[in-house]
Amino acid sequence: MLDERWVFHDDAKAEDLGNGVVRRVLAYSKDLMCVENTFEEGAIGALHHHPHTQITYVVSGKFEFNIDGEKKIVKAGDTMLKTNSVEHGCVCLEKGVLLDIFNPMREDFV
């Protein structure tokens, strides 16, 4: 779906990552990628880092995020910026959806 102008949700492959997390890669180019992550309550996005800048928008639910050792609770409408290689992760406190934007694209997701 690289450089696809229109990406319909029903056509985006849902990848079950296990432990209550499902990922859908939506529209992307080599420079930018949009990814939807659905979390069940109690699901964990393990602490990790990568060489991409990432913005996360909370579509729904409630999450405790740890970004570079700082923990905050976020809810629908909140956003977070994670710059290159900063360690981050989350715990889902209430079932929800996160929308991630990456620069450049995450080649490991396709």
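Located above this text is the structure these notes cover.
First things first, this report covers the structure right here in the doc. (Residues numbered from 1 in each chain as written. Predicted model: local features only at pLDDT ≥ 70, side-chain atom pairs only at ≥ 80, totals over all residues. Heavy atoms only, no water.)

### Description of the overall build of the chain
Here's step 1: Along its length, the chain carries 0 helices and 8 strands.
Here's step 2: The order of helices and strands in the chain, counted from the N terminus, is β-β-β-β-β-β-β-β.
Here's step 3: A compact globule built from 110 residues would reach a C-alpha radius of gyration of about 13 Å, and the chain, at 13 Å, matches this within 12%.
Here's step 4: If you line up the chain on its principal axes, its C-alpha atoms span 35 × 30 × 25 Å.
Here's step 5: Put simply, the chain has 110 residues, and 36% of those count as buried. (Helix = DSSP H or I, 4+ residues; strand = E, 2+ residues; numbered from the N terminus. Rg over C-alpha atoms; globule rule 2.2 N^0.38 Å. Buried < 20%, exposed > 50% of the residue type's maximum accessible area, 1.4 Å probe, protein only.)

### Focus on the side chain of glutamine 54
Here's step 1: By the element assignment, glutamine 54 lies in strand β5 (residues 53-67).
Here's step 2: Given the relative accessible area of 5%, glutamine 54 is considered buried.
Here's step 3: Side chain to side chain, glutamine 54 and threonine 56 meet in a polar contact 3.3 Å long.
Here's step 4: In contact with glutamine 54, not counting residues within four places along its chain, are Met80, Leu81, Lys82, His88, Asp100, Ile101 and Phe102. (Polar contact = N/O pair within 3.5 Å; in protein donor to acceptor, adjacent residues only side chain to side chain. Contact = heavy atoms within 4.5 Å.)

Bear in mind that shape data such as this cannot, by itself, settle questions of function.
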